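# Report on the structure
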2 protein chains.
Amino acid sequence: MKEMTKVVLDAMGGDNAPGEIVKGAVEAVNRRSDIQVILTGKEDVIQDVLKGYTYPEGQIEIRNAQEVIETSEPPVMAIRRKKDSSIVTGLKMVKTGEADAFVSAGSSGAILAGGQLIVGRLGGVERPPLAPLIPTKKGFSLLIDCGANVDARPSHLVQFAKMGSIYMKHVMGVQDPNVGIVNIGAEEEKGNALVKETFPLLKECRDIHFTGSIEARDIPYGQVDVVVCEAFVGNVILKLYEGVGAVLISKIKGGLMQNLRSKLGALLVKPALKETLKDFDASEYGGAPLLGLSGLVVKTHGSSKAKEVCNSILQCVTFKEQHINEKIKQSIQAETEPAD
Amino acid sequence: MKEMTKVVLDAMGGDNAPGEIVKGAVEAVNRRSDIQVILTGKEDVIQDVLKGYTYPEGQIEIRNAQEVIETSEPPVMAIRRKKDSSIVTGLKMVKTGEADAFVSAGSSGAILAGGQLIVGRLGGVERPPLAPLIPTKKGFSLLIDCGANVDARPSHLVQFAKMGSIYMKHVMGVQDPNVGIVNIGAEEEKGNALVKETFPLLKECRDIHFTGSIEARDIPYGQVDVVVCEAFVGNVILKLYEGVGAVLISKIKGGLMQNLRSKLGALLVKPALKETLKDFDASEYGGAPLLGLSGLVVKTHGSSKAKEVCNSILQCVTFKEQHINEKIKQSIQAETEPAD
């Protein structure tokens, strides 16, 4: 018999909780028999939603947690005080080994803080990065780090590059992923102090395929698979991606509604446009892993629907099957040994 | 008689030089009688292009310069060695007061370095920022700084906020421009060390309208008029704007060509779409000023056509008429006085 992957799922987190979250869990267990989902949150509420679905009963259970951490709460305080929240309960199950992974669409801050405080870092990992996939012309790239800890050191960025490469290769199936460091020019001598110090360290790394600097303009073209930067810049990139995309699409929609001629045309182009823009939709790829923890924590979009939740659960299976954390440990330990 | 504004224009800079550059000069002098354009570059080449146009003869002259600085050359070295280049010649004319402003679509690096080395900073200005206008849902915002000097200090950012506000108000006609600092969250306690230190300083500034942090997601919506950040982040924002826009538009074009139905629709929506996307085109607004110099230096896109060149020249007139540099000097000096 195949080994089960146990995923704790925060049934209370995100704009569409608990409906879409529970639905995502049902979809996942209906797709694979080797997944066990534990829904954390208010038992009666979850039970109510679950009643509407058919699924292999043994594969979904509920772990009651009466509190909910709101996105507006200060993260660290919330983690410390709300011991009976769905997030704290879920993270503790990963810590104790009762579950392999925790997935939540709830408060990013609480998930990031809780991941470090409750689950804890893998030995040797200096800072666990949050690494969302971003859509590109070719497919997707991993943007690492978009977490909450800014002002990174060069050694952090080197670890991000290694962890990101392992994730892209073994979870996302990208062979020999290219790694680039976000910079303001292509030349090695360009950049801020952090980038200039990190660049030669990345060049020396034996276990990644470093291709040098990447200018922000080239990120959407998918020029590299792993886009390395510190979290302030990562957050700017991630959110600007969303903002420019949303404004441009709303401008285009406005343009299509401009006059009778364009409205007629809009009816004809709509299906094809919808199909194309789907490629540029991050929810296709599941959530963002918080890498480098003793267990797996995945943050999905606050607006996640069932599909993204389901995809995130499936990612956890690959993560476990591929022994990603063992690979990360090996890679991080190799770092302290001198290069030939 | 109205006072003349004298603009030196680099006839050799940019992808479309000298044709579109010269054409832009002709358009500008045909529109206003109070502009004098001095074209710098290879005299015979410029003369050849000029021959094809009709314009008030007294308003365009040529200053011969036999060398051209290429975009691939190391900027500081190029400025030092190529004394007879169009860029060095033009900047020197601003320095000596022979001209009020220098406009170029050539090497950004050489223009930025030359602006500081040859024209020099206004008294009190610590670092001259490059401040392009970026398109937004509402119109445009000023992104300050996108220059070549990274790792800024809080005092630099405060000066950027002041200079940017003056420019938006008096050159672009935005009443009481809002100022925001790029951050990874809306709260004052968020951000990296630079942002956290700068935030209270901006709050204390009496002569700007500071509205707090702005997340990158909200920049394209035009939430603030002056977007303050250090140059590394500014460069990432500027270039990602371009990249995401270009990839999204190419995806949409691909979508429109997907099948017969969408192709028919594309014919109908094309004029309206073109009109809408024009709003999102930075060339409408002319070039990016390098602020805080003893004179005005404007960098236009490398791909500038006549329209952007012409608009950039017209901006120089407003800049002079509005006594922007006097206003910047006053504002920077006020900074050293304690707030009430």
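Residues numbered from 1 in each chain as written. Chains lettered and ligands numbered in written order. Predicted model: local features only at pLDDT ≥ 70, side-chain atom pairs only at ≥ 80, totals over all residues. Heavy atoms only, no water.

## Points about the overall build of chain A
Across its full length, chain A holds eleven helices and eleven strands. Scaling as 2.2 N^0.38, a compact globule of 340 residues should have a C-alpha radius of gyration of about 20 Å, and chain A matches this with 21 Å. Across its three principal axes, chain A shows a C-alpha extent of roughly 65 × 60 × 40 Å. For chain A, the proportion of its 340 residues judged to be buried stands at 58%. Sequence separation of at least 24 residues holds for 72% of the intrachain contacts in chain A that already meet a minimum separation of 6. Entry remark: accessible area of chain A is about 13800 Å², with carbon and sulfur atoms responsible for 50%. Taking the average place of the 40 positive charges on the side chains of chain A and the average place of its 42 negative ones, the gap between the two points comes to 4 Å. (Helix = DSSP H or I, 4+ residues; strand = E, 2+ residues; numbered from the N terminus. Rg over C-alpha atoms; globule rule 2.2 N^0.38 Å. Buried < 20%, exposed > 50% of the residue type's maximum accessible area, 1.4 Å probe, protein only. Contact = heavy atoms within 4.5 Å. Areas by Shrake-Rupley, 256 points an atom, 1.4 Å probe, with all protein chains shown as cover. Lys, Arg positive; Asp, Glu negative; His and termini not counted. Charge placed at Lys NZ, Arg CZ, Asp CG, Glu CD.)

## Observations regarding the pairing of strand β2 (residues 35-41) of chain B
Residue and element names in this part refer to chain B. Across the seven residues of β2, seven count as buried, placing the element largely inside the fold. Residues I35, V37, L39 and G41 of β2 are buried on one face, and the alternating residues Q36, I38 and T40, pointing to the opposite face, are buried as well. Note: strand β1 (residues 5-10) against β2, six bridges, orientation parallel. By the bridge assignment for β2, T5 is matched with I35. (Pairing = 2+ DSSP bridges.)

## Remarks on the interface of chain B and chain A
Across the contact, 55 residues belong to chain B and 55 residues belong to chain A. When the two sides are added together, the surface that chain B and chain A hide from each other amounts to roughly 5100 Å², 75% of it contributed by carbon and sulfur. On the chain B side of the interface with chain A, the three residues burying the most area are I184, F232 and K251 of chain B, jointly 14% of the side's total. For the pair chain B and chain A, the interface holds four salt bridges. Notably, a salt bridge pairs R217 of chain B with E242 of chain A, separated by 2.9 Å at the nearest N-O pair. (Buried area = accessible area lost by both parts, 1.4 Å probe. Salt bridge = Lys/Arg side-chain N within 4 Å of Asp/Glu carboxyl O.)

## Section: the packing of helix α1 (residues 19-31) of chain B against helix α10 (residues 306-321) of chain B
All names here are of chain B. Contact pair α1 / α10: the axes reach a minimum separation of 7 Å and the direction vectors enclose 45 degrees. Taken together, α1 and α10 sit at an angle that is classed as oblique. Both α1 and α10 take part in a crossing whose hand is right-handed. Where α1 approaches α10, its residues E20, I21, K23, G24, A25, E27, A28 and R31 are matched on the opposing element by A306, K307, V309, C310, I313 and L314. For the contact of α1 with α10, a count of residues per class yields eight nonpolar, one polar and five charged. (Axes fitted to C-alpha atoms, helices over the stretch in contact; angles between N-to-C directions. Parallel < 35°, antiparallel > 145°, perpendicular 65-115°, else oblique. Left-handed = near helix turned anticlockwise from the far one by under 90°. Nonpolar A, V, L, I, M, F, W, Y, C, P; charged D, E, K, R; others polar.)

## Section: the environment of V182 of chain A
Looking at the secondary structure, you find V182 of chain A in strand β7 (residues 178-183). Residues V182 of chain A and K203 of chain A, 21 residues apart in the sequence, show an inter-C-alpha distance of 14 Å. With near-sequence residues (within four places) excluded, V182 of chain A lies in contact with V195, I214, I219, V227, V228, C229, V233 and I237 of chain A together with F232 and V236 of chain B.

## Some details on the packing of aromatic side chains
Residues and elements named next belong to chain A. Scanning the model with the defined rule gives four aromatic pairs over all chains in all. Between Y167 and F319 the ring centres are 6.2 Å apart and the planes differ by 50 degrees, which places this aromatic pair in the tilted class. A residue pair is termed long-range when its members are at least 10 positions apart, and Y167 in helix α6 (residues 154-170) and F319 in helix α10 (residues 306-321) qualify at 152 residues. Note on accessibility: Y167 and F319 belong to one class, buried. (Phe/Tyr/Trp six-rings, centres within 6.5 Å; stacked < 30°, edge-to-face > 60°.)

## As for unusual backbone geometry
With omega at -5 degrees, the peptide bond leading from A17 of chain A into P18 of chain A counts as cis. Mapped onto the fold, P18 of chain A is located in the loop between β1 (5-10) and α1 (19-31). Its identity is not glycine, yet D176 of chain B carries a phi of approximately 45 degrees, on the positive side. For D176 of chain B, the location among the structural elements is in the loop between α6 (154-170) and β7 (178-183).

## Some points on the confidence of the model for chain A
Across chain A, the average pLDDT comes to 92, with 97% of residues at or above 70. Confidence metrics for the complex model read pTM 0.93 and ipTM 0.92. (pLDDT = per-residue confidence, 0-100.)

## Re the sheet that holds β7 of chain A
All names here are of chain A. As summarised here, the arrangement of the five strands in space is β5-β6-β9-β7-β8, forming an open sheet in which the pairing is mixed. Of all the strands in the sheet, the pair left with one neighbour each is β5 (133-135) and β8 (209-215). Averaged over all neighbouring strand pairs, the angle between strand axes comes to 35 degrees, with direction disregarded. Relative to strand β9 (residues 226-228), β7 runs parallel, the two being bridged by three bridges.

## Considerations on the sheet that holds strand β5 (residues 133-135) of chain B
Residues and elements named next belong to chain B. Across the sheet, five strands lie side by side as β5-β6-β9-β7-β8; this open sheet has mixed pairing. This sheet does not close on itself; its edge strands, each paired only once, are β5 and β8 (209-215). Taken over all neighbouring pairs, the strand axes of this sheet differ in orientation by 35 degrees on average, direction set aside. Pairing of strand β6 (residues 140-144) with strand β9 (residues 226-228) involves three bridges; the strand directions are parallel. Note that in β9 the partner of I144 across the bridge is V228. The strands that α6 touches are β5, β6, β7 and β9; relative to β6, the one it contacts most, it runs at about 150 degrees.

## Some points on the pattern of salt bridges
Enumeration according to the criterion identifies 22 salt bridges over all chains in this entry. Between D34 of chain A and R32 of chain A there is a salt bridge, with its nearest N and O atoms 2.9 Å apart. Residues K239 of chain A and E215 of chain B are paired through a salt bridge, measuring 2.6 Å at the closest nitrogen-oxygen approach. Here K239 of chain A, found in helix α8 (residues 231-256), pairs with E215 of chain B, found in strand β8, and the two come from separate chains. Of the residues examined, E215 of chain B reaches a relative accessible area of 16% and is grouped as buried. A single network of salt bridges, built from pairs that share partners, joins E3, D100 and K320 of chain A.

## With respect to a nonpolar patch on the surface
Residue and element names in this part refer to chain A. Together, L260, L264 and L267 make up an exposed nonpolar region whose accessible area comes to about 340 Å². Its place among the elements puts L264 in helix α9 (residues 260-278). On the basis of relative accessibility, which here comes to 48%, the residue L264 falls in the partly exposed class. (Patch = residues over 30% accessible without salt bridge, like charges linked within 9 Å, V, L, I, M, F, W, Y side chains within 5 Å.)

## Concerning the relation of the copies chain B and chain A
Mapping chain B onto chain A is achieved by rotating through 180 degrees and translating by 0.0 Å along the same axis, at an RMSD of 0.0 Å. In short, the pair behaves as if placed about a two-fold rotation axis. Taking C-alpha positions as reference, the residue of chain B nearest the rotation axis is G265 of chain B, located at 2.0 Å. The fraction of interface residues of chain B whose copies in chain A are also interface residues reaches 100%, indicating that both copies meet through the same surface. (Least-squares fit on C-alpha atoms with pLDDT ≥ 70 in both.)

## Thoughts on the pairing of strand β3 (residues 60-64) of chain B
Residues and elements named next belong to chain B. Pairing between β2 and β3: five bridges, direction parallel. Note on β3: the bridge partner recorded for T40 is R63. Handedness of the β2-helix α2 (residues 43-50)-β3 crossover: right-handed. (Right-handed = clockwise from strand over helix to strand, strands pointing away.)

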